[in-house]
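Coordinate inspection notes
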Amino acid sequence: MPEILIVGGGYAGFYTAWKLEKHLRQGEASVTVVDPLPYMTYQPFLPEVAAGSIEPRHAVVSLRRHLKKTRVVTAKVTAVDHATKTATITPSVGDAWTMQYDQIVMTAGAVSRTFPIPGVADEAIGLKTIEEAAAIRDKLLTNFAKAADLPAGPLRDRLLTVTVVGGGFAGIEIFAELRSFASDLLKKYPTLTIDDTHFHLVEAMGRIMPEVSLETSHWVLKNLAERAATVHLDTQLQSAVGGKIELSTGESFESDLIVWTAGVMANPMVRSTDFPLEQRGRITVQADLRVVDGETVVPGAWACGDVAATPDLTGKGVGGFCVPNAQHAVRMGKQLAKNITAVLRGEEPVDYVHENLGAVAGLGLGTGVFQSGKFVLKGFPAWAAHRGYHGMAMPSFERKFRVVTGWWNNFWLGRDIVSLDDRERPRAAFEAYASRPKPAADEPAAAPAPEIGKAAGEPGPAYANPVDADGSAPAEGEKVGATAGGSARGTGASTDVAGTDAVPAAE
């Protein structure tokens, strides 16, 4: 029986496996998905998770629960030798092993792309994983609780200052959602006012949200300004050392929460394969999603999503390629499942082509923006369209029910404002008071008890929801801090509303 190996369980990988289960006949092929995480993250929901509107676990899809006929392996693919059709699989514990395959699907997705700006690697946090979104939420809540006990001054200002780098859809959505969340929190903190909170968005280009018209982007800027949120255009982040923000305009301020959304890049794991890569580090494919080396098709190899340079046959893609967003990744996964099935049956694969019909973004509770051609919706109607679209796009009825039920509960009860910041070190309180045997005279003293509530380190990289970046320098001629192809569109924040079968992006 042919073995199909899918590397990465993000949008493209999950949908490829999900649809293969539907298209393949019993015994026609076996499918294995390998990803370090046991779930797919619905990345368009990350801003709402960070703003407390969606519970973190409701924005992820369990691979084992929903891929009933697929073998799911929670590990990393650390190398691929397609010449021998073998992949090296490395689990988090135990020894690595090799796996033979007949067809391979590369959907390892994207990671946050940063630039070597001082302080960013140490102080900032990305928006590619559910862990990052939950940490942003807890950080904001914890900072409000701390600031409420402080007198006016530099320390309180720092705690209540939020900085977002990148003005694409991902950056604008997280920025606006956090502004909405903070305004809501002020009702619970009578010692604080909106003037005590400071929100800054830094964008290297002269405009935000390049996916919509300039007029629409100006409306968004005006709306944010009315909500006491400052957008710095034509401005680059020069330093974030110690949380001190230094901008190219000469402005400087301290910020305790710095969110980086200014670009994505193909998962670096593709460099450990023998597949051809283009200059941006993506696997080269032709329109039917088969890997190509120049003009030669590589038999048995497929790729799609953020990790692949897929030609955009509509002619509207950046540089002639499909932009790395959720909508393309989901549709590519569906088409790829059909193409693999066709090839197994001796039929010809079909080219992937999709016309983007519009973009929709949530800007906080009750506010949004939607544009399709010259048709524009703003405010509450656009926000309702945003929620309706993504509620429908969330894969599986079970996930839809959890998300929509959460929205309904919040409508009546409000958002939960409890911070679980200490969950990063759940044993801290126990260890602080646990009795330990006295060390013998010749033994070193026990390590001091950890500080209660001290946060643990950042989560590690993963295919569908990676956090790490390799610190590679920007491409020649690219502005530091500028958004890559319109900021971090790989988060799936930019939304194509072409139909009810649309959805998220691959890792």
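Per chain, residue numbering runs from 1 following the sequence as it is written. Selection of residues for local features in this predicted model requires a pLDDT of at least 70, selection of side-chain atom pairs for listing and counting requires 80 or more, and totals for whole chains, interfaces and linings are taken over all residues. Computation of side-chain values covers all heavy atoms of the structure but excludes hydrogens and water.

1. Let's talk about the overall build of the protein chain
The condition is simple: Secondary structure elements follow DSSP: runs of H or I no shorter than four residues count as helices, runs of E no shorter than two count as strands, and numbering proceeds from the N terminus. Only heavy atoms matter for contacts: two residues are in contact if any of them lie within 4.5 Å across the pair.
Of regular secondary structure, the protein chain possesses 12 helices and 26 strands. Relative to all contacts within the protein chain whose residues are 6 or more apart in sequence, the contacts with residues 24 or more apart total 74%.

2. Things to note about the sheet that holds strand β26 (residues 375–378)
We apply this condition: Only strands joined by at least two bridges in the DSSP assignment are considered to pair. Geometry is summarised by axes, namely lines fitted to C-alpha atoms with helices restricted to the contacting stretch, and by angles between N-to-C directions that run from 0 to 180 degrees.
Spatially, three strands are ordered β24-β25-β26 in an open sheet, and the strand pairing comes out antiparallel. Two strands close off the open sheet at either side, each with one partner strand: β24 (359–362) and β26. Within this sheet the neighbouring strands show an average axis-to-axis angle of 5°, counted without direction. Pairing geometry for strand β25 (residues 368–372) and β26, over four bridges, is antiparallel. Bridge pairing links S372 to F375 in β26. Its contacts with the sheet put helix α8 (residues 214–226) on β25 and β26, and the angle it makes with β25 is roughly 180°.

3. Regarding the pairing of strand β22 (residues 296–303)
Sheet topology places strand β9 (residues 103–106) next to β22; three bridges connect them, and they run parallel. Looking across to β22, one finds that I104 is bridged to A301. Judged from the three bridges that link them, strand β21 (residues 290–293) and β22 form a sheet pairing that is antiparallel. Opposite R290, over in β22, you have W302 as the bridge partner. Joining the antiparallel neighbours β21 and β22 is a turn of two residues, in which G294 adopts a positive phi near 70°.

4. Structural notes on empty space enclosed by the protein
Note the following rule: As defined here, a cavity is a set of points on a 1 Å grid over the protein atoms alone where a 1.4 Å probe fits but cannot get out. A pocket is an open set with protein on both sides within 12 Å along at least five of seven lines, and residues line them when an atom is within 4 Å of a point. Grid points are joined across faces, edges and corners, and a volume is the space filled by probe spheres set on the points. Each residue receives one of three labels: charged for Asp, Glu, Lys and Arg, nonpolar for Ala, Val, Leu, Ile, Met, Phe, Trp, Tyr, Cys and Pro, and polar for the others, Gly being one of them.
A full pass over the atoms with the stated rule returns two cavities of 30 Å³ or more. Here the largest cavity defines a volume of roughly 50 Å³. Every residue along the wall of the largest cavity is listed here: R282, G305, D306, A308, T310, C322, V323, P324, H328 and M332. Considering only residue class, the lining of the largest cavity consists of five nonpolar, three polar and two charged.

5. Digging into the environment of V7
Applicable threshold: To sort residues, take the accessible area from a 1.4 Å probe on protein chains only and compare it with the maximum for the residue type: under 20% means buried, over 50% means exposed, and anything in between is partly exposed.
If you trace the backbone, V7 turns up in strand β1 (residues 3–7). Residue class for V7 comes out buried when judged on its relative accessible area of 0%. C-alpha separation for the pair V7 and I104, spaced 97 residues apart in sequence, amounts to 7.6 Å.

6. Concerning helix α10 (residues 380–393)
Since the α-helix advances by 3.6 residues per turn, residues separated by three or four positions end up pointing in the same direction. To be explicit about the condition: Working rule for helices: expected span equals 1.5 Å times residues minus one.
Relative to the 20 Å expected for 14 residues at 1.5 Å per residue, α10 spans 20 Å between its end C-alpha atoms, a close match to the ideal helical length. Those residues of α10 not exposed but buried are A382, W383, H386, R387, Y389, H390, G391 and A393.

7. Describing the packing of helix α1 (residues 11–23) against helix α9 (residues 326–344)
Any two packed helices are characterised by the angle at which their axes cross and by the distance between the axes. Put simply, the rule is: For any helix crossing, the convention is left-handed if the near helix is rotated counterclockwise from the far helix by under a right angle, and right-handed if that rotation is clockwise.
In the contact formed by α1 and α9, the axes pass within 7 Å of each other and the chain directions differ by 35°. Seen from above, α1 lies across α9 with right-handed handedness. Across from Y11, A12, Y15, T16, K19, L20 and H23 in α1, the residues of α9 making contact are A326, A329, V330, G333, K334, L336, A337, K338, I340 and T341. When its residues are assigned to classes, the contact of α1 with α9 shows 10 nonpolar, four polar and three charged.

8. Some points on α1
The first and last C-alpha atoms of α1 sit 18 Å apart over 13 residues, in line with the 18 Å expected at 1.5 Å per residue. For α1, the full list of buried residues reads Y11, A12, G13, F14, Y15, T16, A17, L20 and E21.

9. A closer look at the pattern of salt bridges
We count it as follows: By convention in these notes, a salt bridge is any Lys or Arg side-chain nitrogen within 4 Å of a carboxyl oxygen on Asp or Glu.
All chains considered together, the criterion is met by 16 salt bridges. Between D256 and K139 there is a salt bridge, and its shortest N-O distance comes to 3.2 Å. With a gap of 117 residues between them, D256 in the loop between β17 (252–254) and β18 (257–260) and K139 in helix α5 (residues 130–147) connect regions that are remote in the sequence. Accessibility expressed as a relative area gives 19% for D256, which makes it buried.

10. A closer look at the environment of M392
Mapped onto the elements, M392 comes out in helix α10. On a C-alpha basis, the gap between M392 and V404 in space is 9.6 Å, while along the polypeptide they are 12 residues apart.

11. Here we look at the nonpolar core
The criterion, for reference: Buried residues of nine kinds, namely Ala, Val, Leu, Ile, Met, Phe, Trp, Tyr and Cys, make up a nonpolar core once their side-chain atoms join them within 4.5 Å.
Formed by 86 residues in total, the largest nonpolar core has its most connected members in I4, F144 and M209. By residue number, the principal contributor to this core is helix α7 (residues 169–185), which donates nine residues. Those residues in contact with F144, other than ones at most four positions away along the chain, are L160, A182, L185, L186, Y189, L192 and T197.

12. Considerations on the environment of H386
The topology assignment puts H386 in helix α10. Spatially, the C-alpha atoms of H386 and G362 are 6.1 Å apart, while their sequence positions differ by 24 residues. Discounting chain neighbours no more than four positions away, the residues touching H386 are E48, E173, V360, A361 and G362.

13. Re the confidence of the model for the protein chain
The criterion, for reference: The predictor attaches a confidence to each residue, called pLDDT, with possible values from 0 through 100.
Confidence in the prediction for the protein chain averages 86 pLDDT; 87% of positions are at 70 or higher. Here residues 452–461 is modelled with pLDDT under 50, and outside its nearest four sequence neighbours on either side it reaches 20 contacts, counting other chains as well.

14. Observations regarding the sheet that holds β17
Spatial ordering of the open sheet is given by β15-β16-β17, a layout of three strands whose pairing is antiparallel. Edge positions in the sheet fall to β15 (237–239) and β17, since each of these pairs with one other strand and no more. Each strand of the sheet is rotated relative to its neighbour by a mean of 35°, with strand direction disregarded. Relative to strand β16 (residues 244–247), β15 runs antiparallel, the two sharing two bridges. The residue bridging L237 from the neighbouring strand is L247, located in β16.

15. Remarks on the packing of aromatic side chains
Stated formally: For Phe, Tyr and Trp, rings pair up if their centres lie within 6.5 Å, where Trp contributes its six-membered ring, and each pair is then called stacked (planes under 30 degrees apart), edge-to-face (over 60) or tilted (otherwise). A ring has a charge above it when a Lys NZ or an Arg CZ is no more than 6 Å from the ring centre and no more than 35 degrees off the ring normal.
Applying the stated criterion across every chain, the model contains 15 aromatic pairs. Measuring from ring centre to ring centre gives 6.0 Å for F397 and F401, while their planes differ by 35°; the resulting arrangement is tilted. Residue F397 and its partner F401 are located together in helix α11 (residues 397–413), separated by four residues, close to a single helical turn. For the pair F397 and F401, a shared accessibility class is recorded, and that class is exposed. A cation over a ring is seen here: K19 above W18, with NZ or CZ 5.2 Å from the ring centre.

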